[in-house]
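Summary of structural features
If you want the building blocks of each chain, they are given just below.
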Amino acid sequence: MKILIIGAGAVGFNIAKQLSKEGHDISVIDENPKLVRQVSENLDVFVVAGNGTSPSVLESAGVREADMVLAVTTSDEVNIIVCILASQYGNGKIIRIARIRNSEFTNNDSLFKQNSFCVDHMINPEQIIVESIINIIETPGATFAVDFPIGNVILRGFHVPEDAPLVGKNFSELEDIEYTDSFLIVYVQRDDEMIIPTHSTEILPNDNIFVLISKAGLPYFLPMVNRRADEVEKVIIYSTSRTGLQLAKALENSPIAVTIIEPEKDKAEMAAADLKNALVLHGDATEIDVLKDAAVEITDIFIALSENEQTNLLASLLAKKHGAKKTIVLTNDTALAHIINQVDVDVVVNPRLVTASAILQHIRRGQILSIAKLGDSEVEAIELIAEDGSEIVKKPLRKIRFPKKSILGAVVRNNTMLLPKGIDAIHPGESVVVFTLPDDIERVQALFSSKK
């Protein structure tokens with residue numbers, strides 16, 4: 001596939017890197033000389049220095065032959081203009097995807113979305129992050145959350161405390177526990193290693209586990225991993241950023257008490273006027289007195305969503321020290337995300353990784369319904385449809401040769417989650433959750449695709 005990417009920042013770079021590895025013909029446009037040089041020196045793609053809103057620049061990058069245009073600059077306006085221009089090429093058949101942060105454009109009732117305005121798919125990172133944080137809030141003890149579109153299958157990550165009932169058990173022992181047909185621990189993250197568990201793998205304190213589970217089975221699984229995980233009653237949000245305000249509004253109709261801390265007075269006043277139930281405090285969350293005014297000592301989750309990664313980290317560490325039970329930190333820096341995971345922070349959210357995953361979902365179209373990366377690892381969780389005539393439905397499961405590091409997680413049959421050990425074969429039209437690495441995605445797709 002010929003793909004044109006406008007914007008060589010973290011999102012554009014990561015997408016170009018992954019798609020070029022998968023054999024796509026990639027061109028990248030950016031007017032920042034430093035970013036152009038970075039792409040040229042590190043990736044095997046065609047790079048054009050220039051403004052993506054210029055027709056001549058688009059043409060020099062090959063827009064006339066493009067199958068898809070990805071507009072992922074940091075400007076909503078630039079991304080929209082790029083898609084409008086791209087619609088004039090390729091007889092209108094070019095697929096156009098834009099990264100759009102303004103929720104007025106991406107809400108379901110927005111005029112822009114109803115009429116598309118030459119954008120086939122809009123990716124709003126803030127909206128995706130808010131949904132993910134709410135899923136974490138609604139799952140006691142969770143540090144990672146993804147919901148799949150079909151069936152009642154969810155993926156959750158948990159940090160395993162020392163007193164968890166699972167600690168010290170190997171996976172062969174877990175099979176004797178009741179309700180094991182409703183969940184599957186697919187990965188154990190130990191330090192920097194992602195372990196595919198075997199029967200002899202033992203769960204240790206401070207492991208991070210990723211669990212595929214049915215919604216109905218979640219209440220039975222939670223006590224196994226955390227004896228004292230209570231419902232969330234109070235959260236503090238640091239910053240009235242777009243993400244912060246969207247999250248506060250999403251929680252307004254819930255029983256959760258919300259406090260927002262905002263260092264700029266005018267923004268604090270605007271937020272107070274905009275929100276109905278949240279308490280808005282003007283102050284700096286890196287000051288202990290401000291945290292005390294927000295009642296940090298009785299806070300279940302402190303969520304730092306400012307644009308400054310260092311401030312988010314410092315505020316979260318202070319909040320944790322003074323009583324917050326869990327912290328969530330937002331960072332746009334992929335390198336910093338890995339460092340933050342090593343300190344006393346429970347959840348790290350990265351808008352750029354979220355954006356990349358959402359865009360890849362549309363690129364790997366066809367039988368793929370959704371894609372999600374597991375934290376900062378390379379592992380991807382993919383939900384696919386088993387097509388009639390594909391290899392996956394022609395043979396018994398035991399005869400299917402999956403890539404070595406790929407895992408068949410679950411099958412959704414009649415809206416019910418089934419584990420692979422409980423079925424002999426996959427039927428056409430059923431959705432399946434698979435965990436795999438980027439290098440194996442093409443092989444996995446081939447298993448589920450009709451040769452037609």
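In what follows, the structure referred to is the one given above.
In what follows, the accompanying structure is described. All of these numbers come straight from a predicted model, not from anything done at the bench.

Calculation notes
- Residues numbered from 1 in each chain as written.
- Predicted model: local features only at pLDDT ≥ 70, side-chain atom pairs only at ≥ 80, totals over all residues.
- Heavy atoms only, no water.
- Helix = DSSP H or I, 4+ residues; strand = E, 2+ residues; numbered from the N terminus.
- Rg over C-alpha atoms; globule rule 2.2 N^0.38 Å.
- Buried < 20%, exposed > 50% of the residue type's maximum accessible area, 1.4 Å probe, protein only.
- Contact = heavy atoms within 4.5 Å.
- Areas by Shrake-Rupley, 256 points an atom, 1.4 Å probe, with all protein chains shown as cover.
- Lys, Arg positive; Asp, Glu negative; His and termini not counted.
- Charge placed at Lys NZ, Arg CZ, Asp CG, Glu CD.
- Expected span 1.5 Å × (residues − 1).
- Polar contact = N/O pair within 3.5 Å; in protein donor to acceptor, adjacent residues only side chain to side chain.
- Salt bridge = Lys/Arg side-chain N within 4 Å of Asp/Glu carboxyl O.
- Pairing = 2+ DSSP bridges.
- Axes fitted to C-alpha atoms, helices over the stretch in contact; angles between N-to-C directions.
- Core = buried A, V, L, I, M, F, W, Y, C linked by side-chain atoms within 4.5 Å.
- Patch = residues over 30% accessible without salt bridge, like charges linked within 9 Å, V, L, I, M, F, W, Y side chains within 5 Å.
- Right-handed = clockwise from strand over helix to strand, strands pointing away.

The next thing to look at is the overall build of the protein. Looking only at helices and strands, the protein has 17 helices and 22 strands in total. In summary, the protein has a C-alpha radius of gyration of 23 Å against a globular reference of 22 Å for 452 residues, a match within 12%. Taken over the C-alpha atoms alone, the protein extends approximately 65 × 60 × 40 Å along its principal axes. Per-residue burial for the protein yields a buried fraction of 54% across its 452 residues. The contacts in the protein between residues at least 6 apart in sequence include a share of 62% that link residues at least 24 apart. Total accessible area computed for the protein in this model is approximately 20600 Å², and 48% of it derives from carbon and sulfur atoms. The protein carries 44 positive and 62 negative side-chain charges, and their two centres are separated by 6 Å.

This part is about helix α7 (residues 125-138). The first and last C-alpha atoms of α7 sit 20 Å apart over 14 residues, in line with the 20 Å expected at 1.5 Å per residue. Taken residue by residue, α7 has P125, E126, I129, V130, I133, I134, N135, I136 and I137 as its buried positions. Structurally, the start of α7 carries an N-cap: the backbone nitrogen of E126 is 3.0 Å from a side-chain oxygen of N124.

Let's shift gears to the pattern of salt bridges. A full pass over the atoms with the stated rule returns 15 salt bridges. As a salt-bridge pair, R190 and D207 come within 2.7 Å of each other at their nearest N and O atoms. Highlighted residues: R190 in strand β9 (residues 183-190) and D207 in the loop between β10 (193-195) and β11 (208-214), separated in sequence by 17 residues. Each member of the salt-bridge network shares a partner with another, and the members are R101, E126 and E307.

To continue, consider the sheet that holds β9. Pairing is antiparallel across the open sheet formed by 5 strands, whose spatial order is β7-β8-β11-β9-β10. Among the strands making up the open sheet, the edge pair consists of β7 (142-147) and β10. Averaged over all pairs of adjacent strands, the angle between their axes in this sheet comes to 20°, without regard to strand direction. For β9 and β11, the ladder comprises 6 bridges, and the chain directions are antiparallel. Bridging across to β11, I185 finds its partner in V211. Here α7 sits on the sheet in contact with β7 and β8 (153-159), set at roughly 120° to β7. Against the sheet, helix α9 (residues 218-225) contacts β8, β9 and β11, and its axis sits at roughly 160° relative to β11.

Before going further, it helps to examine the environment of T243. One can find T243 in helix α10 (residues 242-251). Since its relative accessible area comes to 6%, T243 is described here as buried. Taking C-alpha positions, T243 is 23 Å from V343, a pair spaced 100 residues apart along the chain.

Core analysis: the largest hydrophobic core is formed by 45 residues, its most contacted members being I5, I15, L70, I359, I363, I426 and F448. When sequence neighbours within four positions are dropped, the list of residues in contact with I426 reads A386, I392, V393, L397, L408, V411, R413 and V432.

Turning next to the pairing of β8. Counting buried residues in β8 gives 6 out of 7 residues, a clear majority hidden from the surface. Relative to β11, β8 is paired through 7 bridges, and the arrangement is antiparallel. The residue of β11 that forms the bridge with I154 is I213.

Looking now at a negative patch on the surface. On the surface, D191, D192, E193 and D376 cluster together into a patch of negative charge. Relative to the assigned elements, D191 resides in the loop between β9 and β10. A residue is classified by how much of its surface remains accessible, and D191, at 71% relative accessible area, is exposed.

On to the pairing of strand β3 (residues 46-49), then. When strand β2 (residues 25-30) meets β3, the two strands line up parallel, connected through 4 bridges. Opposite D30, over in β3, you have A49 as the bridge partner. On the question of chirality, the crossover connecting β2 to the parallel β3 by way of helix α2 (residues 33-42) is right-handed.

If you check the backbone angles, N206 has positive phi at about 75° while not being a glycine. Given a relative accessible area of 46%, N206 falls into the partly exposed group. Even without glycine at this site, A295 takes up a positive phi of about 60°. Looking at the element boundaries, A295 is found in the loop between α12 (288-293) and β15 (301-304).

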